[in-house]
Amino acid sequence: MSIDITIEDQETQQVENFLERNPAVMEDIFLKKAHINLVNKWLLKNGYCSVVNANATQSDGLWSPTSPKEHNNEAFFGKLRRNNSKKHLRHDYASSKSRNMFRTCEPAVTSDSSSVERRNSLKEMKIFRSLPPSSSNLLSMLIQSKIRLPRFPSKDIERKRDERHMNEMEFFMDIVKDISNDLDLLSLSEKIVANVSVLCDADHASVFVVEGKNTAKPSLVSKLFDVHAGTQIMPTKTLTNHVLVPWGKGIIGYVAEHGEPINLVEASKDERYNDEVDRITGYMTSSLLCMPVRNSDSDIVAVVQVINKSNDLKFTKEDEKLLSAYLSYCGIAINNAQIFEAYSLEYERNKHLLEVVHDLFEEQTSLEEVISKIMQRAQFLLKCERCSVLLKAEPGEEKTFGKVFDLAYPLTNRTSSNHSALRRRQQFSRAKLEAGCARFRSNSAPCCTFPCLDPTTDLRVGNKLAELVLRTEETINIADAYSDPRFDKERDVLSGFHTRSILCKPIRNRYGQIIGVAEIINRIDGLPFDEHDEQLFEAFTIFCGLGINNAQLYEEVALSSARQTVALEVLSYHAGVETDEADKFKQHHVPPAPEWRLNELNFNDFSLSNDEMVLAGIRIFTDLGLMKTCRIEYDTLCRFLLTVRKNYRNVAYHNWRHAFNVCQLMFATMQKCNLRHLLTRIECLSMIVGCICHDLDHRGTNNAFQQKTSSALAQLYGTRATLEHHHFNHAIMILNSEGNNIFSNFSSEEYINVINLLKHAILATDLSLHIQVRKTWFAMVDEGRIDWDDKGLKEIFRSILMTTCDIGAITKPWEVSRKVADLVMAEFFDQGDKERSELKITPQAHMDREKQDQLPSLQLAWIDGICRPLFLSLIKFDPSFQPMLDGVLSNRAEWEYLDTERLAKEARE
């Protein structure tokens, strides 16, 4: 016994000497192993602890330090024993059950901590508010995770052993509760290892989690390095201290594959056992219990192994039963942690892709800027040394790629067989990549001082791998570039860059067409690109393709806009009028309206020359008071009327003369038919301008012809009111031309109002629209219910007036009306000839030149179907329209006489 004591004293002295020489080790051991009881003892011994403290509670387990005093040891330890009593444990368990395991932040312990949290939150809010209100800052706030894992510290293993001996049932509930709220797989593994060691009274334990269970080669990975008996040591992909066990290999692999527990008294005698760990650590494994961990679907998610039963030779059936019961809870916890880990990875991936989308679509005005962001993001997300984007050449070009962009941070990349040199290179690469990412976040230009392959070299030498991807449309992932015959080593020779691994994918546009190739080279950790990299790069290239495609479309739109601007400038120059021409008209005397009979309903449409019609237009604006009330400048009106005249084509009927005649008839009805008091000055102006512009740039063919020929106008405006929309847009173009805007002195509200009224006036000249509204108009005048406060009815009234003036030639004296009819038919026959020659169809009767003798019959149908009903309704509305109806009936009689002669002639023949 004395020898033992001596030896023990010598060992104690050696340990104390060692700890004195290594205070950092002693501090580390204290922080890991010290229990709250030990801290209390030290405080009591040194006089810094008050036995009775008003702020302390039984659940605290710790007294606040005060000034040094003398204390009664018995009182102190009595207090300590009370804290460790069953009553205290029950109180602690009841308190823990009241906690919400799904809460997203730590509970506030004191008012001070609560105020600290509030201050931190306010500080974060202040930081965000101090940032400029850009979309990038808003995005940063949105993509920040609002979920925080609940953190409940686990008790140390010695305390767990004590609690197990005091009350095993409460201990079992505590270790179930210990893992129930932990979603971090590493932390959960630590707790399970400690808990099963105590539960089975074992020296050591380990947990191996199943990874890749949906793949052809699943494996088991230990997140912790303990004494893992029966394994084959292999480095994992992450180059950490994790240990990987192949599926079906060793005792752990056997249990995972077959799902059967293994209980061995002497593990070393089992043929499945591997003693490599024992040889490395010097630890001797004797008894061993290995069991599968299943989730709620009975799938194996992990394998737990405990070794060396304390104070016994083997693990008993009771141990198996207890471990099996506990592992059922562990399976659910591990499964939840794996699901959370998967969703966390997916969240991070989606967050990064959202940042990619933000970067790509925030700035699309420059293709170079978009591709620069693409390459910077690729290096940041995929942790690679280099990125290239090669855009496909235009059809007809000899080269494969038209543009090549390459980005490499200044990395020291050279071949080395020395592992430490490789590690130094990887660390240096990480540092440079982080520096590059910092530059990227500050939107500065990427550093390219590293001797990398110049983009022009790619165009000169070619990139055979990218060309292969472009041709086959398949992804290429090369783990060792120099051992793959598809890789061209000449590129490395020219650049001095050493390529280890390559991942190359096609870039597609929104239609699935390949527009280029994206290539990343060399993961910074020295490993090849794996399946996860491929998936992330696949999603990345999809967004990149859309970003590049949109940037290209933007450039095309900008180019088209420039062409349109030039075309408008040319059109404005050639379709406009010279200043001296407008000045000449300003000097002309404008006769009063009665001199030219402008205010008469039976005005002769062919009585004025082209120049006189311009002067007559000025008279119309003047006599209606529009020059004054609408603040129209005289020289602007002259230029506007001259420009409108110049923009009518030289066709048989729908020309400048027809436009002026419609405008004159609108003026006459306003003067003779008591319409002025029914229309506001803005409505009056819009209808006069609508009349004079309603057939601008008419091509001598109707809407049906535009649709049949699929003309550019039909493609631009659609098949409803095609020409009318074109007339309105042409009028807007003239108004927007310099010196032609007669609405320039209007307020914004007035301008919007007059433009809307102008559009309605011009579109109302579409006869198909007249057919739709005439029934409502007829019902209104028949019932005498015209509510001028109803905007819809007022709109119908203006539409009827526009049609009345557009077809008003039928109301004029016979000589005028017949001449107009001949011009209309000449235009119709020209269209019929085009339909017969170009479209190879038989035109309608009124457009068929071979049936021109049927003109009287066609005119009778036109008068009876459209004209007479319209003017009869106007008579009911206002008797002052009677002269127009008389003109219609008189002309009808003339056409009827001609039709009778035609029929008689046909009868004689």
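Definitions and cut-offs
- Residues numbered from 1 in each chain as written.
- Predicted model: local features only at pLDDT ≥ 70, side-chain atom pairs only at ≥ 80, totals over all residues.
- Heavy atoms only, no water.
- Helix = DSSP H or I, 4+ residues; strand = E, 2+ residues; numbered from the N terminus.
- Buried < 20%, exposed > 50% of the residue type's maximum accessible area, 1.4 Å probe, protein only.
- Expected span 1.5 Å × (residues − 1).
- Core = buried A, V, L, I, M, F, W, Y, C linked by side-chain atoms within 4.5 Å.
- Contact = heavy atoms within 4.5 Å.
- Salt bridge = Lys/Arg side-chain N within 4 Å of Asp/Glu carboxyl O.
- Axes fitted to C-alpha atoms, helices over the stretch in contact; angles between N-to-C directions.
- Left-handed = near helix turned anticlockwise from the far one by under 90°.
- Nonpolar A, V, L, I, M, F, W, Y, C, P; charged D, E, K, R; others polar.
- Phe/Tyr/Trp six-rings, centres within 6.5 Å; stacked < 30°, edge-to-face > 60°.
- Lys NZ or Arg CZ within 6 Å of the ring centre and 35° of its normal.

### A closer look at the environment of Glu894
Relative to the helices and strands, Glu894 resides in helix H35 (residues 882-908). On the basis of relative accessibility, which here comes to 31%, the residue Glu894 falls in the partly exposed class. Each C-alpha atom, one on Glu894 and one on Leu860, is 9.7 Å from the other, the two residues being 34 residues apart in sequence.

### Description of helix H26 (residues 681-693)
Because the α-helix completes a turn every 3.6 residues, residues three or four places apart line up on one side. Between the first and last C-alpha of H26 there are 18 Å, a value that for 13 residues agrees with the 18 Å anticipated at 1.5 Å per step. Along H26, twelve of the 13 residues are buried, which leaves the element largely enclosed by surrounding structure. Turning to H26, its buried residues are Ile682, Glu683, Cys684, Leu685, Ser686, Met687, Ile688, Val689, Gly690, Cys691, Ile692 and Cys693.

### A closer look at the nonpolar core
It is characteristic of soluble globular proteins that their nonpolar side chains tend to be buried jointly. Residues Phe621, Phe640, Leu685, Phe743 and Trp777 are the most contacted members of the largest nonpolar core, which totals 102 residues. Apart from residues lying up to four places away in sequence, Leu685 is in contact with Phe621, Leu626, Cys630, Ile632, Phe743, Phe746 and Val754. Counting residues in each nonpolar core, the second largest holds 33 residues, with Phe172, Val176, Leu185 and Phe315 among its members.

### Describing the pattern of salt bridges
Enumeration over the complete set of coordinates arrives at 30 salt bridges. The partner of Asp697 in a salt bridge is Arg699, with the nearest N and O atoms 2.9 Å apart. Relative accessible area serves as the criterion here: at 9%, Asp697 is assigned to the buried category. Between Asp830 and Arg849 there is a salt bridge, with its nearest N and O atoms 3.3 Å apart. With Asp830 in helix H33 (residues 814-839) and Arg849 in the loop between H33 and helix H34 (855-877), this pair connects stretches of sequence that are 19 residues apart. Here Asp830 falls in the partly exposed class, since its relative accessible area comes to 39%.

### Some words on the side chain of Ser880
By the secondary structure assignment, Ser880 is in the loop between H34 and H35. For Ser880, the contacting residues outside a window of four places in its chain are Leu601, Lys672 and Cys673.

### Here we look at the packing of helix H29 (residues 722-736) against helix H30 (residues 748-763)
Running from N to C, H29 and H30 cross one another at 145°; their axes reach a closest spacing of 8 Å. Considering how the two elements wind past one another, H29 and H30 form a crossing that is right-handed. Of the residues in H30, those in contact with Glu724, His725, His727, Phe728, Ala731, Ile732, Leu735 and Asn736 of H29 are Tyr751, Ile755, Leu758, Lys759, Ile762 and Leu763. Considering only residue class, the contact of H29 with H30 consists of nine nonpolar, three polar and two charged.

### A look at the packing of aromatic side chains
Within the structure shown, the criterion is met by 13 aromatic pairs. Between Trp788 and Phe877, the ring centres sit 6.1 Å apart and the planes meet at 75°, which makes this aromatic pair edge-to-face. A residue pair is termed long-range when its members are at least 10 positions apart, and Trp788 in the loop between helix H31 (767-783) and helix H32 (791-806) and Phe877 in helix H34 qualify at 89 residues. The exposure class assigned to Phe877 is buried, which follows from its relative accessible area of 19%. On the basis of an interplanar angle of 70° and a centroid distance of 5.0 Å, the ring pair of Trp814 and Trp895 is categorised as edge-to-face. Residue Trp814 is found in helix H33, and its partner Trp895 is found in helix H35; the two are separated by 81 residues along the sequence. A relative accessible area of 0% places Trp895 in the buried class. Feature note: the residues Trp777, Trp788, Phe797 and Phe877 constitute an aromatic cluster, connected by ring pairs. The ring of Phe497 is capped by Arg386, whose NZ or CZ atom sits 4.7 Å from the centre of that ring. Sitting above the plane of the Phe606 ring, Lys819 keeps its charged end 4.3 Å from the centroid.

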